[in-house]
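Tertiary structure, described
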Amino acid sequence: MRTVVTGGAGFIGSHLTDHLLAMGDEVVVLDDLSTGSLTNLDAASASPAFTFLLGSVLDQAVVREAVRDADRIFHLAAAVGVHRIVDDPLTSLRTNIHGTETVLEAALAERAELLITSTSEIYGKNTADALSEDADMTLGSPLLSRWSYAAAKGLDEAMGHAYWTEFGLPVSIVRLFNTVGPRQTGRYGMVVPNLVGQALRGEPLTVYGDGHQTRCFSYVGDVVPAMVAIQEAPASRCDAFNLGGALEISILDLAARIIDVLGSRSEVVLVPYDQAYGPGYEDMRRRVPDNAKSRALVGFEARTGIDEIIRLVAADQRRRSTAPAPSPVP
Ligand code: UDP
């Protein structure tokens, strides 16, 4: 099986690459290293079945080269992280819209199966008790760049749907809910690596807003095998599947767990949203997945609990802070 992972040097993409190599696939990673890192691919690089291509999903020629003779493509390349989306809305929109279209075109030319990675962000302000895949996309004003990521990802799903409908291209979609774990960087705002890093350094933990907003964090090691199993299930074609954590936790409680689990002496400070993200930011108050569809299709369970996740993320950060400098770009 020849498999392409776009965004394979990123946090989730690199874990997916390791998993596919362990399954015996030949894996080509296409990544522009805008947010990913070659260090994430240190283990993969040791495999003769691994190839790295430096390039953007916006570059048609490099995408065509990457997918030549591919059997399947996992499309993860995207502009991610709230800070990036707010500070750099055009790049975020272009990568998430034109990049996905370029990958869809290349998949069609090659007749390769495609998995599009979407996001729980598309549910927007929908605060249902458990968001099932047919829940509404409830976004805010298009004048707030905060919503551009969700709007673009919704469009990605619609394009995938259209390629299936018009050309019969086998497209499957997963919606990830706050996937966390080793290799995720706090640089673009993600809360778990950010707060774990602060706790390890003895700095105050920055909780944005009132801290009562909730999330369901899922562990990358639970999510990645489910992504592959969903892609391999013929019943996933032209359909979307939630992959999220089992525990709903407020950000204030998350901060308390981090301090407790790591035995940190840090305090918690509340930071107003305006100060954290700039004026006019709207956060999601609540985001709870209904995983029933993924459970029914591939037996997905979010097994790893939040304390274990915190320990694994902290161990990774400690290891990386003592590791040698990252490998140079080839
Ligand atoms: N958050 C926080 N402190 C931080 C980073 C994020 O309180 O240092 C909050 C953020 O405002 C949001 C939640 O944590 O309410 C999850 O943020 P993240 O960026 O990880 O994911 P997303 O907003 O996409 O769910």
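Scroll up a little and you will see the structure.
Residues numbered from 1 in each chain as written. Predicted model: local features only at pLDDT ≥ 70, side-chain atom pairs only at ≥ 80, totals over all residues. Heavy atoms only, no water.

1. Section: the overall build of the protein
Keep this limit in mind: Runs of H or I in DSSP of at least four residues are treated as helices and runs of E of at least two as strands, each being numbered from the N terminus. Our radius of gyration looks at C-alpha atoms and nothing else; its globule reference is 2.2 Å times the residue count to the power 0.38. Remark: exposure states derive from per-residue accessible area (1.4 Å probe, protein chains only) relative to the maximum for the residue type, with buried under 20%, exposed over 50%, and partly exposed in between. Contacts are assigned to residue pairs that have any heavy atoms within 4.5 Å of one another. Reported accessibility uses the Shrake-Rupley method at a 1.4 Å probe radius. Residues are deemed covered only where the shown protein chains occlude them. When charges are counted, Lys and Arg contribute as positive and Asp and Glu as negative, whereas His and the chain ends are disregarded. Charged groups are reduced to one reference atom each: NZ for lysine, CZ for arginine, CG for aspartic acid, CD for glutamic acid.
The secondary structure content of the protein amounts to twelve helices and 13 strands. Taken over the C-alpha trace, the protein has a radius of gyration of 19 Å; the compact-globule value for 330 residues is 20 Å, and the two agree within 12%. On the principal axes, the C-alpha backbone points of the protein span a range of 55 × 45 × 40 Å. Across the 330 residues that make up the protein, the buried fraction comes to 54%. The long-range share in the protein, meaning contacts at least 24 apart out of those at least 6 apart in sequence, stands at 79%. By element, 52% of the accessible surface of the protein is carried by carbon and sulfur atoms, the whole surface being about 13900 Å². Between the averaged position of the 28 positive side-chain charges in the protein and that of its 41 negative side-chain charges there is a distance of 3 Å.

2. Side note on unusual backbone geometry
Positive phi values are uncommon outside glycine, yet Asn178 reaches one of about 40°. Here Asn178 shows up in the loop between strand S6 (171-176) and strand S7 (179-180). A relative accessible area of 22% means that Asn178 is categorised as partly exposed.

3. Section: the side chain of Asp156
This is how it is decided: A pair is scored as a salt bridge if a Lys or Arg side-chain nitrogen falls within 4 Å of a carboxyl oxygen belonging to Asp or Glu.
Mapped onto the elements of the fold, Asp156 is located in helix H6 (residues 148-167). Salt bridges are absent for the buried Asp156, whose nearest opposite-charge side chain, Lys153, sits at 4.2 Å. For Asp156, the residues in contact, after removing those within four places along its chain, are Asn96, Ile97, Thr100 and Ile116.

4. Observations concerning the pattern of salt bridges
Summed over the entire model, instances satisfying the criterion amount to 21 salt bridges. Notably, a salt bridge pairs Arg183 with Asp18, separated by 2.8 Å at the nearest N-O pair. Taken together, the residues Arg183 in the loop between S7 and helix H7 (191-201) and Asp18 in helix H1 (residues 11-22) connect sequence positions 165 residues apart. The class for Asp18 is partly exposed, based on a relative accessible area of 22%. Notably, a salt bridge pairs Asp316 with Arg320, separated by 3.0 Å at the nearest N-O pair. On the criterion of helical spacing, the pair formed by Asp316 and Arg320 is a turn pair, its members being four residues apart in helix H12 (residues 306-321). Assessed through its relative accessible area of 37%, Arg320 is described here as partly exposed. Sharing partners across several salt bridges, the network here consists of Asp25, Arg72 and Glu232.

5. Some thoughts on the site of the ligand
Just so we agree on the cut-off: Here a residue is considered near a molecule or strand provided that any single heavy atom belonging to it is located within 4 Å of it. Residues adjacent in sequence count toward polar contacts only when both atoms are side-chain atoms; beyond that, a polar contact is any pair of N or O atoms within 3.5 Å, and within protein one must be able to donate a hydrogen and the other to accept it. The classification used treats Ala, Val, Leu, Ile, Met, Phe, Trp, Tyr, Cys and Pro as nonpolar, Asp, Glu, Lys and Arg as charged, and all other residues, Gly among them, as polar.
Taken together, 18 residues surround the ligand, and among them Val191, Thr206, Tyr208, Arg215 and Asp283 come closest. Between the ligand and Arg215, the relevant distance is 2.6 Å, taken from an oxygen atom to a side-chain nitrogen or oxygen of the residue. By residue class, the composition of the shell around the ligand is nine nonpolar, five polar and four charged.

6. Observations concerning H7
A large share of H7 lies buried, amounting to eight of its eleven residues. Within the span of H7, buried status applies to Val192, Pro193, Asn194, Leu195, Val196, Gly197, Gln198 and Ala199. Among the structural elements, S7, strand S8 (205-208), helix H9 (251-262) and H12 are those in contact with the buried residues of H7. Backbone geometry just downstream of H7 places Gly202 in the positive-phi region, at approximately 75°.

7. Focus on the sheet that holds strand S3 (residues 50-54)
To keep it simple, the criterion reads: At least two bridges found by DSSP between two strands are what make those strands a pair. An axis is simply a line fitted to the C-alpha atoms; with a helix, the fit covers only the stretch in contact. Between two such axes, the angle follows the N-to-C directions and lies from 0 to 180 degrees.
With parallel pairing, the seven strands of this open sheet are ordered in space as S3-S2-S1-S4-S5-S6-S11. Because the sheet does not close on itself, it has two edges, and the strands there are S3 and strand S11 (240-243). Ignoring which end each strand starts from, the neighbouring axes of this sheet average 20° apart. Across four bridges, the pairing between S6 and S11 is parallel. Pairing of Arg175 across the sheet is with Asn242, part of S11. Contacts between H1 and the sheet are confined to strand S1 (2-6), strand S2 (26-31), S3, strand S4 (72-75) and S6, with S1 contributing the most and set at about 170° to the helix. Against the sheet, H6 touches strand S5 (113-119), S6 and S11, its axis set at about 155° to S5.

8. Description of helix H8 (residues 220-232)
Note the cut-off: Each helix should span, by expectation, one fewer than its residue count multiplied by 1.5 Å.
Taking 1.5 Å of rise per residue, the 13 residues of H8 would be expected to cover 18 Å, and the 18 Å separating its terminal C-alpha atoms lies within 8% of that figure. Turning to H8, its buried residues number three or more, namely Val220, Asp222, Val223, Val224, Ala226, Met227, Val228, Ile230 and Gln231.

Interpretation note: all reported values are geometric properties and have no functional meaning in isolation.
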